[in-house]
Amino acid sequence: MTKVNRRDFFKVAAVSGAAAAVAGCGSDPVEEIIPMLVPPTEYKPGVTISFASTCNECSANCGMVIRTREARAIKAEGNPHHPMSQGSLCNQGQASMQAMYSPSRSKGPNKKGAAIKWDEGLSELAAKMKEANRVLYIGRPQSGSLKKLLAETLAASGGGDALQFDMMPVSTLKKGNEIAFGTAEIPEYAIGEAKTLVTFGADILDSWLNNQLNMREFTRMHAYKHGEKGKFIHVSPHMSLTGANADQWVGVKPGDEALIALAVAGELLPSSAMSGNGALKSYLDGFTTDSVASKTGVSAQVIKGLAKDFNQGGMSLAMAGGNTAMSGEGTKLQVAVNLLNAVAGNLGKTVKFGADYKIGGDSAQSFADAAQKMKSGAYQVVLIEGANPVYALPKDSGFAEALAQVPLVVSLSTEEDETSALAHMHLPTSHSVEAWGDSMPRKGVYGLQQPAMAKLPGYDTMSLGDLMVALAGKLGAAAPADYKTYLMAQWKGYQKDLGLGGAFEDFWKKSLQQGGQFTGYSSKGANLQSGAYASAMAPKGGQTGLAIVAANSPNHRAEGTNGNRTWLLEIPHPITQLVWDSWVEISPDTAVRLGVNHFDEVEITTAKGSLKAGVWVNYGIADNVLSMPTGLGREVPFPTYVSTRNKSIFLPHVEMSSDIKIKPLKVGTNVMDLMGFDTDALSGDLQFVTAVSALKATGETAYMVTPEGQAHHHDAAALSKEYTKAYMGDRSQKGRGFAQSTSVEAMNGHGGHEGDGGHHLRHRHYTTDLPSNTDMYPERAADVAYHVDWSGRDKPVYYETNKWEMAVDLDRCTGCAACVVACYAENNVAVVGKERMSTGREMSWLRVARWQDHNEETGDLETYFSPNMCGQCANAGCETVCPVYATYHNDEGINAMVYNRCVGTRYCANNCIYKQRRFNWRTYEFPAPLHMQLNPAMTVREKGVMEKCNFCYSRIREGKDLAKDMGREVFDGEIKTACQQTCPADAISFGNIKDPKAKVTQIVNTTKRGYHQLEEVNFKPAVTYLKKINHDNKKA
Amino acid sequence: MSNVTYASINDDILHSMKPPGKSWFASMAIILVMLGMGIFAFGYQIRHGMEGSGINNPIGWGVYITNFVFWVGIGHAGTLISAVLYLVRAPFRTSIYRASEAMTVFAVMTAALFPLIHIGRVWNFYWLIPYPNQRLLWVNFKSPLLWDVFAVNTYMSVSILFFLVGLVPDFAVVRDESKGLKKLFYGIASLGFKGTNHEWKHYMRAYLLFAAIATPLVFSVHSIVSWDFAMSSIPGWHTTIFPPYFVAGAIFSGCAMVLTLLLPLRAIFPGFKDIIKIKDMEAMAKMILFTGFIVTYAYSIEFFIAWYSGARYERALFWFRPFGELKFFFFLMIFCNCISPLPLWSKKLRTNVPALFIVSIFINIGMWMERFNIVVTSLAHDFDPYAWGTYTFEWVEMWITIGSFGWFFMWFFIFVKIMPSLAAAELKEALNPPMRSAHE
Amino acid sequence: MSKQFSGVWATYEYLDDFCGAIRELRESGFQRLTTLSPCPRHEIDHALGDPQSRVPFFTLAGMFVGFSLALTLMIFMSLDWILPVSGKPVVSYPIMGPVLFELSVLVAVWFTLISMVGLILRDLSKHPFPKGKVWKAYTRFTRDRFGVIVPCTQHDLEKVESILNKFQAEEVNREA
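Below you will find a few notes about this structure. Just so we're clear, the structure is a prediction, and the values are computed from it rather than from any experiment. (Residues numbered from 1 in each chain as written. Chains lettered and ligands numbered in written order. Predicted model: local features only at pLDDT ≥ 70, side-chain atom pairs only at ≥ 80, totals over all residues. Heavy atoms only, no water.)

Digging into the packing of aromatic side chains
Enumeration according to the criterion identifies 94 aromatic pairs over all chains in this entry. On the basis of an interplanar angle of 50° and a centroid distance of 4.9 Å, the ring pair of A:Tyr446 and A:Tyr494 is categorised as tilted. Placement of the pair is A:Tyr446 in strand β18 (residues 445-449) and A:Tyr494 in helix α18 (residues 483-498), with a sequence separation of 48 residues. For the pair formed by A:Tyr446 and A:Tyr494, the shared burial category is buried. For the pair B:Phe141 and B:Phe150, a centre-to-centre distance of 5.9 Å together with 45° between the ring planes defines the contact as tilted. Residue classification places B:Phe141 among the buried residues on the basis of a relative accessible area of 4%. A residue is classified by how much of its surface remains accessible, and B:Phe150, at 10% relative accessible area, is buried. Clustering of aromatic rings is evident, with ring pairs tying together B:Phe70, B:Trp71, B:Phe106, B:Phe163, B:Phe405, B:Trp407, B:Phe408, B:Phe409, B:Trp411, B:Phe412 and B:Phe415. Across the ring face of A:Tyr703, the terminal group of A:Arg645 is positioned such that the distance to the ring centre comes to 3.3 Å. The positively charged end of B:Lys194 is found above the aromatic ring belonging to C:Phe129, 5.5 Å away from the centroid. (Phe/Tyr/Trp six-rings, centres within 6.5 Å; stacked < 30°, edge-to-face > 60°. Helix = DSSP H or I, 4+ residues; strand = E, 2+ residues; numbered from the N terminus. Buried < 20%, exposed > 50% of the residue type's maximum accessible area, 1.4 Å probe, protein only. Lys NZ or Arg CZ within 6 Å of the ring centre and 35° of its normal.)

Now the structure itself:
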């Protein structure tokens, strides 16, 4: 029987006596406070300490900065010094906090759950490794010292193989380069310098290569600057987030990309430096525009247009890759694209060799071979670290079965996952946030990774490095004291390589401070080999018939590492805006042909299996192609709140708070169950495209959840104009101008004037001619001053030095939702789960709204994004209606929210025209150890309290306090909101509008494309949006 | 009315106050169960948060506020009858005003619960009251919700006082007609009222003033309630038509509720039949017809303005109401409030008790739906299409709504038994006094 | 009513007799009458010469008190907590309307009630009731009988009784 503690009892008894005391049973968990006997080093209460480190969530190894409070890591941010992430961090990288504090982390060394000592575990492992005549090590891709240490350890054990597990199909890219240029390296694709970028399948903004670097470079190239902006065309079966940011999306059948590339090359050849090359000419004559057009169904005119755009005298760039390109033609596509780059003369200009990027792992084929060897008994010991091949590889790879044949399988993974479940012994390694390490993601980039906090209390883990060292020691190799010393020894070497003099201590300290050593590299071009246009490389073109693509996204990766990060599940997928689920994307035409409707549940059958998913009809996918998100279908430990779904609305489903347990919850389905283990013939990379034998509706309506309100409003939408044949519903802005656009031409003063609110979108309902926000500030300050004087005080003084404002550049925003993750992390925003989302109880303070609007000129649908956060309105609707002043306009222009004063009338939320306020419908749980990630600078809100974005006021305070301590004013750019800090596109600027030199002031005062959302209601929000800029009023 | 004399009035009243019978206790039991459900649900909500009700974001107000407006509305007819009709000396007032005034008091008592029930942290409700406290926390008089606090409290205290003052002479009647403990009890209740000219002099003047003061309250309270919506910025709420529209609606629903209560009362106590005469009921029916038309007009003018103003958000909303996924509630409202009163045009039905009763029930439902439409659909479909939402009912709010009816009827049942449900003094006033001249 | 009562009280069945008696009594100099009736009748008031109540003055006073209370309350609180909301003036007068009205009404009502009670008690203290058994037992004034109490000195008793009987009083009791 759960006890009723005093407070609950009075709360309940006071109103309702015995009857309710029953409901009141069960009480909030009591937390003992244990005084810290031995405080960790550098423990400064209330002060944020940041550690420069390296992100290990994917093989891109971006630099990151880990913010810690009270010796606890609370947030991961990008490292501004790092040449790749340049201060930003992707959704997955930020979610490393949830990996660090994952509820599914393994508590300590164990054999099938039975706890053991580290020493005995390691000794046993060492002994077995000695006996074994061959050892297999499967781990995350390592580009740094660990690789060497690993090799030494394996050598000491008497020979072993190491495989790097990563699903990104980079072997194809390497193979393609090898064939075309004779070098298997991954070059630098200088997107930023290109005038025209054409991607063939490569979802550079979702998952291909380093999406942070890509986004940075992409904005450099594509954002409007000095009257011009680059052009971006995406050629792919699946539009994805990447295509949604393109100026043009060319939907093709999977496998047809190569044909298009060659046709374009053919168009360009005459004007190219290589026009003299007869063999090439004859090869390309096999791919005349018309023949390709007839083959692919892409009109000749489009291809010619592509060629025209691409002809930039070497300043254009074509990229290929990504999951959608892995249709069996992958390597040929890479070769064809390399050929295209060569013909366009981009080699050495936008395609720079010598960078030698280290990203991705070994091909899937090598794992199949390994599995074969395991079956044949070649390996007696298999170690698996940080990889989950059992989940990620298709079932018929036979990996799981092979693993069962191995006498000793040891998992070194941090978390318990599908693979570690099959291991005989689990020796959990620490998360990279707790461990030493380093990485060389590119030539000249030496990333250093340092522990930002002591090992998670209650979790008996060992860092991978130390484990290796210990293992080497037990194996009798000459091992250093610990991994740190080993690492430092390595870095002594790097110091030499870099030719940096001075004492090593200084070098080491400097490296630690800036997160490593970053230099450039000498780039060189390459020459096209004749093999690139050998007939063997001629693409066949895509197969006909229904095919399905397993697509990645910023929130979804084929490795499945994101599959149990609640932030990435709760934050809507950028395009579909769906949460906590798998879905299948279908084009309207296909849907109509197959007779399925939006939100229908369908059963998809392939040669390998079948699964059920909900239909999401979208224009952004080629006809006859389906797409499902990767990395789902995993079990997530999540609080079991009592569900009201499908239950009577009259009968109670009473929940005692003591009932709330953390139970594993299956989220979506694993698309890999549909995929066969088919690999690319040339590169051995896994194919992510497979033929679908049958798709039929089950007759059920799928339980798909999205915060997008319009999803519910079909019948309302049906009566408005934008209704399409496939019952997609209406996802347009209905002329309400949340995301407005204009054109380059208009900005440059011809072809319509730029004052026109996105004139090619459906017309804005209202045009307004209001005075600018800033005009009314003196007025406001004066009024307050008058009344302050009347009441005979000297406080408060309004807008004395600071008035915080924000500008959001929609031309830069890519809609990747990294800002949303940052917001969740910074402000302790609760994750509520699928059912709460479905009843409109989402807590997100910042949403990236996705609009699919009709272009009034072309009639095509176009995708726009608008990040919406609280506008801190000067004439806010929320403030005036609060009966208890729980929200008011503070002297720095922030719409302050006083949680402790709030009684929860919810009037403010009703009266907010931007619907930015969130109410705590219950007290939400943060499953341990996730609660340790909570930011102490932010209150954790209880039930019945209203909350919302406050421009990260905790960060503002922090900045001001720092400035105060240093006896100076806050300088511009010192204070960054979480969303701004992490935005890889620099779309968000934030600062003090009273400071004329501040970036935000400059933008707001000088821009010709600024506007406020719903200006006609005159709430005077402090967020200025800058219009999206398109080429001749068209975009994908 | 020859058979009604000063004496017979007393007897009828006393008959209605006889010790309760089986049926009374049976219905009281049901009522208490309903009340219990409400209390349990409320306790659950306090413990676990607002999740048990269908409110969500963007729809921050739902069934609770609907109930609040509904009950306040019910209250209005009572005051209207007792105060306004008193001032205009309407003949049919005297027979029904006591019961309807009791209804007012209890309805407002019910309504006053809902602002508390609907707030997220009810244990802090007193923060809404401007009382001196050591933290020097004050309230925001710019908030329509605070106006509500004052309006509802004022209205409640005034109607309770008005009610009790009216009761004093009748308590005196009961006192003099009874003996023993009962006599003592009513003696205290009647404050030793004797019926001397000195008492009547001040009493009648004060009573007149009460009526005069209560009259503007009838209009002010519901106007202020309507400002909770009209003062906001949401399409569908931000309308100047609301105050008159709400007041008319309130009287409409109130009269319906009066019928719902008095028709059974008449049936239960035969003596009432020749006091609460069918023509009084008919007058109520006429009132319903009249206010019903005002309400219908308000509905149509809302749509007209939405179209005529060219305000696009407004148009979108009024497109959504009849065609969106909440259309059922809209059409239910239209049927109950605009169609169902129409039969009352025929005198035959107006004077037919079952017909009247059924119509009154329909109107009660319809007026609840009206408030639901105003509160919910407006929030469901406002400015930002991305943030549109929809509403589903949940058990907690259902139970609490049931409980509120339990609460209301509990008081009414107690009232019928311990208080004279007819105003003896005023009924006598309305009779021709006994004259010797008339007898010879 | 501590004063010792001496005088006559009578009951009537018919209103016209009753009013006649009252008129006669007042004409013959008995002004300090106390009448009892089941309900207020204007005939009685006329017979008594339409006395006026002073309650309305108190009501008006209450209204003013409430109004100024509300005004000071709101201005003081806005100034004591200077929190600008929605760009509105810190002390904003239009928004005060509703509260001003409500508080005026509330206080006015309380003043009315209290003054009514006070005035009634004041009058009753001037007009003592009989103390006799018969009087205490008689309860029909709230049912269907009219009554009049005539305080008078010993030597007026006959005169008063004769007047009362002249109008066919149901019963006439003397107390001295």
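Topic: the interface of chain B and chain C
Tallying the contact residues gives 56 residues for chain B and 61 residues for chain C. Together, the buried faces of chain B and chain C total about 5,400 Å²; carbon and sulfur atoms form 70% of this surface. For the chain B face of the interface with chain C, the top three residues by lost area are B:Trp138, B:Lys142 and B:Arg436, together amounting to 14%. The tally of links from chain B across to chain C stands at four salt bridges. (Contact = heavy atoms within 4.5 Å. Buried area = accessible area lost by both parts, 1.4 Å probe. Salt bridge = Lys/Arg side-chain N within 4 Å of Asp/Glu carboxyl O.)

Some details on unusual backbone geometry
Following A:Lys795, the chain continues into A:Pro796 via a peptide bond in cis, with omega recorded as -10°. Counting through the fold element by element, A:Pro796 comes out in the loop between α24 (776-790) and β29 (804-809). The residue after B:Asn57, namely B:Pro58, is reached through a cis peptide bond having omega 20°. Following the sequence through the fold, B:Pro58 ends up in the loop between α2 (22-48) and α3 (63-87). In this model, A:Trp580 sits at a positive phi of 50°, which is unusual for a non-glycine residue. Topologically, A:Trp580 is positioned in the loop between α20 (566-570) and β21 (583-586). Residue A:Trp580 is classed as buried on the basis of its relative accessible area of 3%.

Some remarks on the interface of chain B and chain A
Tallying the contact residues gives 72 residues for chain B and 90 residues for chain A. Buried surface at the junction of chain B and chain A, summed over both partners, amounts to about 6,800 Å²; 57% is from carbon and sulfur atoms. Linking B:Glu51 and A:Arg922 is a salt bridge whose minimum nitrogen-to-oxygen distance equals 2.9 Å. The tally of links from chain B across to chain A stands at 37 residue pairs in polar contact (both at pLDDT 80 or more). Those elements that place two or more of their residues in the side of chain B that touches chain A are α2, α5 (144-177), α7 (197-230), α10 (312-323), α13 (353-380) and α14 (395-418) of chain B. Broken down by element, the residue count for the side of chain B that touches chain A peaks at eight residues, all from α2(B). Its residues assigned to classes, the side of chain B that touches chain A comprises 41 nonpolar, 20 polar and 11 charged. (Polar contact = N/O pair within 3.5 Å; in protein donor to acceptor, adjacent residues only side chain to side chain. Nonpolar A, V, L, I, M, F, W, Y, C, P; charged D, E, K, R; others polar.)

Spatial relationships are all this shows, so hold off on functional conclusions.
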